[in-house]
Amino acid sequence: MTSKTIKVDYLARVEGEGGLYIKVKDEKVTEVKLKIFEPPRFFEAFLRGRNFTEVPDITARICGICPVAYQMSAVHAMENALGVRVDGQLRELRRLLYCGEWIESHTLHVYMLHAPDFLGYQSSIHMAKDFPDIVKQGLELKKAGNEIVRVVGGREIHPINVRVGGFYKIPSKKDLLVLAEKLKRARDLALETVKWVAKFNFPDFTQDYLFVSLAHENEYPFNEGRIVSSNGLNIDIKEYEDYFVEEHVKHSNALHSQMKTGENYFVGPLARYSLNFDKLSPLTKETALDIGLSKTCKNPFQSIIIRSLEILYALDEALRIINSYETPEQPAIKLEIKSSKGYGATEAPRGMIYHHYKIDDDGLVLEAKIVPPTSQNQKTIERDLWNFVPDRLDLPLDELTWQCEQAIRNYDPCISCATHYLKLTLDKE
Amino acid sequence: MARKPKLAVWKFSSCDGCQLSLLDCEDELLALAGNIEIANFLEASREVIKGPYDLSLVEGSITTPHDLKRIQEVRKISKFLVTIGACATAGGIQALRNFQSVSDFISIVYATPEYISTLEQSTAISSHVKVDFELHGCPINKEQLVEVISAFLFHRKPNIPAHSVCMECKLAGNVCILVSNGVACLGPVTHAGCGALCPSYNRGCFGCYGAKENTNTSSLSNKLYQLGVKNQDIQKLFRSYNAYTPAFLKESKAHD
Ligand code: SF4
Ligand code: SF4
């Protein structure tokens, strides 16, 4: 009587294929498995022997939702290996490109994947029947992010303009000024978005997370910084593997990450926000405090608010970059190939992503290691479900199942990334 | 009122980029949803309306024993089946495993190889079932996607040009980067669809739309060779996102 199974064979509104299996016996959760059955694609293996110049484009194909995150992490790791730094306006253009991906990816999640859960719709298309203007607003905002990626990167999915050392072609000031007009309107929509999502009902579910993100001395982190945590870790990117490990578990085609000390940790918007609040733009900080948030946020359901704030921030930042933009003289800096190792970590919309490569004298890849955000969060997602389900066992099974799905979608899990997959099962015996 | 046609979107081994193209149709999405029933599209909706479906869009390649069975099911319940993207049409970047032993690959990525269930090869959908139309690209072009959906649902032939990127480049009025700058470019042998994007960004085409039909890859290779491109780099050019498309496969093997 008191036992049940929560089972979702194919999780919806996540990127990739996965499922959930939760088993409850005598009012106690006895098993939680976030199953990732997205077929493995073996990127780290077939990257071996490829030219270092091909790596940003190849790794982009790990994920169609956040290709820029892969491209940026790859170029930074390769530049680290070759001992060069891309600075000035080229660095700013990379930041602008990343703003575009954050806006596009976060808006997709806020409006199309997550908001329907809060309002009780199967999808945003169902939601559009009752709230056409809201959904149109979301589509317009998403389009603004896509426009940035298109102007700077050439196209929205798998941009073609990024290379190790810089870009192939640089946008003119005029191209960017045309873009800026659209971004100003999008910033107003982002502000509306924050106010809209702040009014949702949030389950009372505050957790004591170990947050991990990049931190930079004067900016909200995108491409560079040190790896920091809420319990005082502060390390160089190249030390990542000294502190974090990946483990291969049977129910998942994605590797699970944890701290070497055995703790699970949290990467993504909540971590970034809580560890870097002071670096947000004045408008973003003011808006956050106005809607009653504090400088840290430990309720994963409120990640929809934090994503909306990060959209607002990314628009502010994009406009700042465009305003002070001066066309750089060269689209890319010169590179000299040498055998070495390089490390890169950047902040993908879903959280920190780490790349490490070893290349030979000809610039061919000898070794590659890629740790995407979803594999780092998998353990924490499972931990959330262990804590979330016991207080809600009186709910009808379909409602409880939906709430568990929502708890997973809090992380905007990208399963394609994690295998370089998600499916839900609740077993009440 | 007549019944709205039912659309389903299926995912196999892929990056989700091609199906995301549908959600990226910000201007057309709601109008499209008004004319068709989005009956099965897990990335966007929890609701799954049972088949049969009037049109199935298939993303991704076949790489597991389970998917081998699933694609047969999808074919049975679909009136028309259209593959979207290089993964579904040619096996995708993950078909690079086809050139090596997959067990070596598993042990490079996973500590416990016995947990992984996978096939030796990553193969195109057409290797397993009848495909009614193939849309090229890694990723596909979203305008072409909208065109294909409307064409199939309203029973006309899709208007998708089958010439080369090289032709698109000339139509765009670009100066040829291969001839003028000596940049290695697969434009002459690559299927049109992107609007000659890379050459417009001063970059050689790397063939992400796959091979155009009846193409002469060896004469392009000779030209690249004369430009000083190394044999192994020519091989890599043909061996990427569409490595298992027959014309590119043959050409890359010629450089072994
Ligand atoms: S063809 Fe390219 S963009 Fe499309 S799903 Fe495959 S990897 Fe992604
Ligand atoms: S030019 Fe070639 S590589 Fe570039 S987008 Fe077009 S088909 Fe793809």
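What counts, and where the lines are drawn
Residues numbered from 1 in each chain as written. Chains lettered and ligands numbered in written order. Predicted model: local features only at pLDDT ≥ 70, side-chain atom pairs only at ≥ 80, totals over all residues. Near = placed C-beta within 6 Å. Helix = DSSP H or I, 4+ residues; strand = E, 2+ residues; numbered from the N terminus. Nonpolar A, V, L, I, M, F, W, Y, C, P; charged D, E, K, R; others polar. Contact = placed C-beta atoms within 7 Å. Buried ≥ 20, exposed ≤ 12 C-beta atoms within 10 Å, placed from the backbone. Axes fitted to C-alpha atoms, helices over the stretch in contact; angles between N-to-C directions. Left-handed = near helix turned anticlockwise from the far one by under 90°. Pairing = 2+ DSSP bridges. Parallel < 35°, antiparallel > 145°, perpendicular 65-115°, else oblique. Core = buried A, V, L, I, M, F, W, Y, C linked by C-beta atoms within 7 Å.

Caption draft 1: Region of interest: the site of ligand 1. All names here are of chain B. Near ligand 1 there are 16 residues, and of these Gly17, Gly85, Cys87, Cys138 and Pro139 occur at the shortest range. Among the secondary structure elements, those contributing two or more residues to the shell around ligand 1 are α1 (17-23) and α4 (86-90). Along the lines of polarity and charge, the residues of the shell around ligand 1 split into eight nonpolar, six polar and two charged.

Caption draft 2: Just the site of ligand 2, in detail. Residues in close proximity to ligand 2 include Ile160 of chain A together with Val165, Thr190, Cys194, Ala196, Leu197, Cys198, Cys205, Phe206, Gly207, Cys208 and Tyr209 of chain B, which together make up its full environment. Residue neighbours of ligand 2 fall on chains A and B, so the site bridges chains. Residue composition of the shell around ligand 2, grouped by class: 10 nonpolar, two polar and no charged.

Caption draft 3: The interface of chain A and chain B, seen in detail. Contacts between the two partners involve 44 residues from chain A and, on the opposite side, 45 residues from chain B. With four residues, helix α6 (residues 132-153) of chain A is the largest single contributor of residues to the side of chain A that touches chain B.

Caption draft 4: Spotlight on unusual backbone geometry. That bond from Gly51 of chain B to Pro52 of chain B is cis: its omega, 0 degrees, falls within 30 degrees of zero. Note that Pro52 of chain B resides in the loop between β2 (37-40) and β3 (53-59). Cis geometry marks the peptide bond from Cys138 of chain B to Pro139 of chain B, where omega comes out at 5 degrees. Its location among the elements puts Pro139 of chain B in the loop between β5 (133-135) and α6 (142-153). A positive phi angle, near 45 degrees, is found at Asp26 of chain A, a position not held by glycine. Following the sequence through the fold, Asp26 of chain A ends up in the loop between β2 (18-25) and β3 (28-36). Classification of Asp26 of chain A as exposed rests on a count of 9 C-beta atoms within 10 Å. Despite not being glycine, His158 of chain A shows a phi value in the positive range, around 50 degrees.

Caption draft 5: Representation of the packing of helix α12 (residues 373-388) of chain A against helix α13 (residues 397-409) of chain A within the structure. All names here are of chain A. It is the contact of α12 with α13, at a shortest axis distance of 10 Å, that shows an interaxial angle of 145 degrees. Remark: the crossing between α12 and α13 carries right-handed chirality. Across the interface between the two elements, Ile381, Asp384, Leu385 and Phe388 from α12 touch Cys404, Ala407 and Ile408 from α13. Tallied by class, the residues present in the contact of α12 with α13 amount to six nonpolar, no polar and one charged.

Caption draft 6: Geometry of the sheet that holds strand β12 (residues 351-359) of chain A. All names here are of chain A. Taking strand neighbours across the sheet as the criterion, the three strands line up as β11-β12-β13 in an open arrangement whose pairing is antiparallel. Lying at the two open borders of the sheet, with one neighbouring strand each, are β11 (340-348) and β13 (365-371). Averaged over all pairs of adjacent strands, the angle between strand axes in this sheet comes to 10 degrees, irrespective of strand direction. Summarising the sheet, β12 and β13 pair through six bridges and their orientation is antiparallel. Looking at the pairing, His355 lines up with Ile370 of β13. Against the sheet, α12 touches β11, β12 and β13, its axis set at about 130 degrees to β12.

Caption draft 7: Geometry of the packing of helix α3 (residues 67-82) of chain A against helix α4 (residues 88-119) of chain A. Residue and element names in this part refer to chain A. In the contact formed by α3 and α4, the axes pass within 9 Å of each other and the chain directions differ by 155 degrees. The angle between α3 and α4 falls in the class roughly antiparallel. Judged by the twist between their axes, the crossing of α3 over α4 is left-handed. Two secondary-structure elements touch here, α3 through Val68, Ala69 and Met72 and α4 through Arg94, Leu97, Tyr98 and Glu101.

Caption draft 8: Representation of the nonpolar core. Core analysis: the largest hydrophobic core is formed by 177 residues, its most contacted members being Met78, Ile103, Ile148, Leu315 and Ala318 of chain A together with Val58 and Ile84 of chain B. In contact with Ile84 of chain B, not counting residues within four places along its chain, are Cys18, Leu57, Val58, Glu59, Leu135, Ile140 and Leu145 of chain B. In this structure, Tyr21, Ile22, Val24 and Ala407 of chain A belong to the second largest nonpolar core, which totals 19 residues.

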